[in-house]
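Fold and geometry: a report
Chain by chain, the residues run as shown.
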Amino acid sequence: MAAASGEGARDAFRRGVRMGVPFAVVGFFLSASFGVLARQAGFSVAQASVTAMIVFAGSAQFAALSVLTAGGGIPAALTAGSLMNARFLAMGIALAPSLPGGRMKRALQGQTVVDSSWALANRGDGTFDRWLLFGTTLPQYVTWTLGSVVGAVFGDVLGDTHRLGLDAIYPVFFLSLLFSELRDAGSRWAALGGGLLALALVPITPPGVPVLAASVVALVGLVRRSR
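Residues numbered from 1 in each chain as written. Predicted model: local features only at pLDDT ≥ 70, side-chain atom pairs only at ≥ 80, totals over all residues. Heavy atoms only, no water.

On to the overall build of the protein chain, then. Looking only at helices and strands, the protein chain features twelve helices and zero strands. The N-to-C order of helical and strand elements in the protein chain reads α-α-α-α-α-α-α-α-α-α-α-α. Here the protein chain, with 227 residues, has 37% of them falling under the buried criterion. Residue pairs in contact within the protein chain that sit at least 24 positions apart in sequence constitute 69% of those at least 6 positions apart. Carbon and sulfur atoms form 69% of the exposed surface of the protein chain, whose accessible area is close to 12400 Å². (Helix = DSSP H or I, 4+ residues; strand = E, 2+ residues; numbered from the N terminus. Buried < 20%, exposed > 50% of the residue type's maximum accessible area, 1.4 Å probe, protein only. Contact = heavy atoms within 4.5 Å. Areas by Shrake-Rupley, 256 points an atom, 1.4 Å probe, with all protein chains shown as cover.)

Next comes the structure, spelled out in structure tokens:
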């Protein structure tokens, strides 16, 4: 793919920034709730903030945190978060031909991939506009980081988070992911299977196992879909 001209790259980047703002606003509140709940789970302000900055993935962060909050161990929490982010392997494979440079340069550029940016940068012909990708991710990363810091620093001011409904963030967040997958016929059965399996395992398995089992089902569905 021919490289975009300087002017074309700047235009695409600016357009990406504008397209990323709505997602960035939503991300701020979601990340703030993560900061609040992470502090209540025993994280320090620095730990909650750095986790959000490094992981930068709502599903992985909430998966790991939900396991820890429910009493699961760190290995189970890390495994749950890693499985949630496994979808980026397939997304990265699809994006790689549109990124110039060697392996290290492509890997660095690939760190800007998040779900919304990847989808918006997709041209629909198998190629991606990398500058649009970069621009869309920038405001999302800024507000995601800021939200986590605000939530971690000022979470104590909120008092009882159950009163504000923040305890519902976990189930609502994962249900929203499930419902979004139900709209796609290709992933519907994997989403339903994972959700039902997690529900069935909750009363009979240790904390963290239901999330891990549902993630495995989703991965199997992804592999079968890609064939």
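Let us now look at unusual backbone geometry. Its identity as a non-glycine residue notwithstanding, phenylalanine 56 has a phi of 45°, on the positive side. Locating phenylalanine 56 in the fold gives a position in the loop between α2 (45–55) and α3 (58–69).

The complete set of buried residues in helix α4 (residues 74–84) reads Ala76, Ala77, Ala80, Gly81 and Met84. Down the axis of α4, the sector holding all buried residues measures 130°, keeping them to one side. Turned more than 90 degrees away from the buried face of α4 sit Ile74, Pro75 and Leu78, all of them exposed. (Arc of directions from axis to C-beta.)

There is a patch of nonpolar side chains on the surface, built from Val50, Met53, Ile54, Val55 and Tyr141 and spanning about 420 Å² of accessible area. Take the nonpolar patch: its biggest share by element is four residues, from α2. Position of valine 50 relative to the elements: it lies in helix α2. For valine 50, a relative accessible area of 40% translates into the label partly exposed. (Patch = residues over 30% accessible without salt bridge, like charges linked within 9 Å, V, L, I, M, F, W, Y side chains within 5 Å. Salt bridge = Lys/Arg side-chain N within 4 Å of Asp/Glu carboxyl O.)

UniProt's feature table lists "transmembrane region" (unreviewed entry) at residues 20–38 and 194–223, given in the numbering used throughout. What you have in residues 20–38 is 100% helix and 0% strand, and the ends, taken at the C-alpha atoms, are 26 Å apart. (UniProt positions renumbered as here; feature names shortened; annotations may be inferred.)

With that out of the way, let us pick up the packing of aromatic side chains. What the rule picks out here adds up to six aromatic pairs. Ring centres of phenylalanine 28 and phenylalanine 29 lie 5.4 Å apart, and the angle between their planes is 85°; this geometry places the pair in the edge-to-face category. Accessibility expressed as a relative area gives 56% for phenylalanine 29, which makes it exposed. The rings of Phe56, Tyr141 and Trp144 are connected pair by pair, giving a single aromatic cluster. (Phe/Tyr/Trp six-rings, centres within 6.5 Å; stacked < 30°, edge-to-face > 60°.)

Counting residues in each nonpolar core, the largest one holds twelve residues, listed as Phe34, Leu37, Ala38, Phe43, Ala48, Ala52, Phe56, Phe62, Leu65, Val114, Trp144 and Ala152. Only α1 (6–40), α2, α3 and α8 (130–154) provide two or more residues apiece to this core. Broken down by element, the residue count for this core peaks at three residues, all from α1. (Core = buried A, V, L, I, M, F, W, Y, C linked by side-chain atoms within 4.5 Å.)

The geometry of α2 relative to α8 is characterised by a closest axis approach of 9 Å and an angle of 165° between their N-to-C directions. When the axis of α2 is compared with that of α8, the two are roughly antiparallel. Note that α2 runs across α8; the crossing there is right-handed. Contacts from Val45, Ala48, Ser49, Ala52 and Met53 of α2 reach α8 at Tyr141, Trp144, Thr145, Ser148, Val149, Ala152 and Val153. Of the residues belonging to the contact of α2 with α8, the class tally is nine nonpolar, three polar and no charged. (Axes fitted to C-alpha atoms, helices over the stretch in contact; angles between N-to-C directions. Parallel < 35°, antiparallel > 145°, perpendicular 65-115°, else oblique. Left-handed = near helix turned anticlockwise from the far one by under 90°. Nonpolar A, V, L, I, M, F, W, Y, C, P; charged D, E, K, R; others polar.)

Another point: the packing of α3 against α4. Look at α3 against α4: their axes get within 8 Å of each other, and the N-to-C directions meet at 155°. Classified by the angle their axes make, α3 and α4 are roughly antiparallel. Two packed elements cross with a definite hand, and for α3 against α4 that hand is right-handed. Together, Ser59, Ala60, Ala63, Ala64, Val67 and Leu68 of α3 and Ile74, Ala76, Ala77, Ala80, Gly81 and Met84 of α4 make up the contact between the two elements. The residue inventory of the contact of α3 with α4, partitioned by class, reads ten nonpolar, two polar and no charged.

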